[in-house]
Amino acid sequence: LEVNQAGHDVPAVLWRPLLEVLPPVVLLAHGGSGYKTDEFIIRMAGLLLTRGIAVLAIDAPFHGDRSVPGDGQRSYLDHMTSQGMTEVCEETCADWAAALDAASGHGVDRTRVGYVGLSMGSNFGIPLCAQLGDRLRCAVVGKLGLVVAGGYPSIVAASDAVTGAAQRLTAPVVMHMQWDDEVFTREGQLALF
């Protein structure tokens, strides 16, 4: 799917079931160091398509086709730190909105939207879900918390903006939590919940 937002290309892929009606669409977000066609996204897309649901996925900034050549797998953290997480989150939300607009031109119902995103997909997805307002019908988020475990940069923790956005969600939300997560403390995940 060709998507341009504020002068930059947003690598995106859209899977649409073969239906004559406008199907709802689920936005599938990858986690940190992932990309739009991760194995998880491909599997989920297949399951949703068999149920008549379209699927949209994008590469977040500094990921997939937007990676900086020559950098290592976790270099996205350095680039996000340099740009600022608030700015990266705003860019990601704008990229998703542009991709959803583009998908609506390809026969999907952008008024019936679901969202699935864990870890970084939640960090950027919770604000996006709040922006979607009543178009959001349901979401699955998680593997995110207010406090990170030792050895992980604090930049990956949910910010005040994320917690504020979480409080504005009105659609049903499932929050997945790993009891002994290696990145986010149990207490920090429960506090976000």
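The coordinates are above.
Rules used throughout
- Residues numbered from 1 in each chain as written.
- Predicted model: local features only at pLDDT ≥ 70, side-chain atom pairs only at ≥ 80, totals over all residues.
- Heavy atoms only, no water.
- Pairing = 2+ DSSP bridges.
- Helix = DSSP H or I, 4+ residues; strand = E, 2+ residues; numbered from the N terminus.
- Axes fitted to C-alpha atoms, helices over the stretch in contact; angles between N-to-C directions.
- Contact = heavy atoms within 4.5 Å.
- Phe/Tyr/Trp six-rings, centres within 6.5 Å; stacked < 30°, edge-to-face > 60°.
- Buried < 20%, exposed > 50% of the residue type's maximum accessible area, 1.4 Å probe, protein only.
- Parallel < 35°, antiparallel > 145°, perpendicular 65-115°, else oblique.
- Left-handed = near helix turned anticlockwise from the far one by under 90°.
- Nonpolar A, V, L, I, M, F, W, Y, C, P; charged D, E, K, R; others polar.
- Polar contact = N/O pair within 3.5 Å; in protein donor to acceptor, adjacent residues only side chain to side chain.
- Core = buried A, V, L, I, M, F, W, Y, C linked by side-chain atoms within 4.5 Å.

Turning our attention to the sheet that holds strand β6 (residues 109-118). In space, the six strands of this open sheet follow the order β3-β5-β4-β6-β7-β8, with mixed pairing throughout. With partners counted over all chains shown, the strands left at the sheet margins are β3 (12-15) and β8 (173-176), one partner each. The average angle at which neighbouring strand axes cross in this sheet is 15°, direction not considered. Here strand β7 (residues 136-142) runs beside β8; their pairing, made up of four bridges, is parallel. When the sheet's bridge partners are listed, Val141 is paired in β8 with Met175. Each of β4 (24-29), β6 and β7 is contacted by helix α4 (residues 120-132), which is oriented at about 155° to β6, the strand it contacts most.

Right, let's talk about the packing of aromatic side chains for a bit. Taken as a whole, this structure holds one aromatic pair when the rule is applied. Each ring, one from Trp96 and one from Tyr115, has its centre 6.3 Å from the other, and the planes form 75°; the classification is edge-to-face. Highlighted residues: Trp96 in helix α3 (residues 85-104) and Tyr115 in strand β6, separated in sequence by 19 residues. Overall, the relative accessible area of 3% leaves Trp96 in the buried class.

What follows is about the packing of α4 against helix α5 (residues 160-168). Their axes nearest at 8 Å, the elements α4 and α5 cross at an angle of 40°. One finds that α4 runs oblique with respect to α5. Considering how the two elements wind past one another, α4 and α5 form a crossing that is left-handed. Every residue of α5 that contacts α4 at Asn123, Ile126, Pro127 and Ala130 is listed here: Val162, Ala165, Ala166 and Arg168. Partitioning the contact of α4 with α5 into residue classes produces six nonpolar, one polar and one charged.

The next point concerns the side chain of Lys36. Looking at the secondary structure, you find Lys36 in the loop between β4 and α1 (39-49). Here Asp65 takes part through its side chain, which lies 2.7 Å from a polar atom of the side chain of Lys36. Leaving out residues up to four positions away in the same chain, Lys36 has contacts with Pro11, Ala12, Val13, Trp15, His30, Ile41, Ala57, Ile58, Asp59 and Asp65.

To describe two helices that pack against each other, one gives the angle between their axes and the distance between the axes. Interhelical geometry of α3 versus α4 gives an angle of 55° and a closest axis separation of 9 Å. With respect to each other, α3 and α4 are oriented oblique. The element α3 and its partner α4 pack so that their crossing is right-handed. Contact residues: α3 offers Met85, Val88, Cys89, Thr92, Cys93, Trp96 and Leu100, while α4 offers Asn123, Phe124, Pro127, Leu128, Gln131 and Leu132. Considered class by class, the residues forming the contact of α3 with α4 number ten nonpolar, three polar and no charged.

By size, the foremost hydrophobic cluster in this structure holds 48 residues, and its most contacted members are Val25, Leu27, Leu56, Met80 and Tyr115. Secondary-structure elements contributing two or more residues to this core are β4, β5 (54-58), α2 (76-83), α3, β6, α4, β7 and α5. Counting residues per element, this core draws most heavily on α3, which supplies nine residues. Excluding its chain neighbours within four sequence positions, the residues that come into contact with Leu27 are Leu56, Trp96, Leu100, Val113, Gly114, Tyr115, Val116, Leu128 and Leu132. Within the second largest apolar cluster, ten residues are counted, among which are Val26, Leu28, Val55 and Val116.

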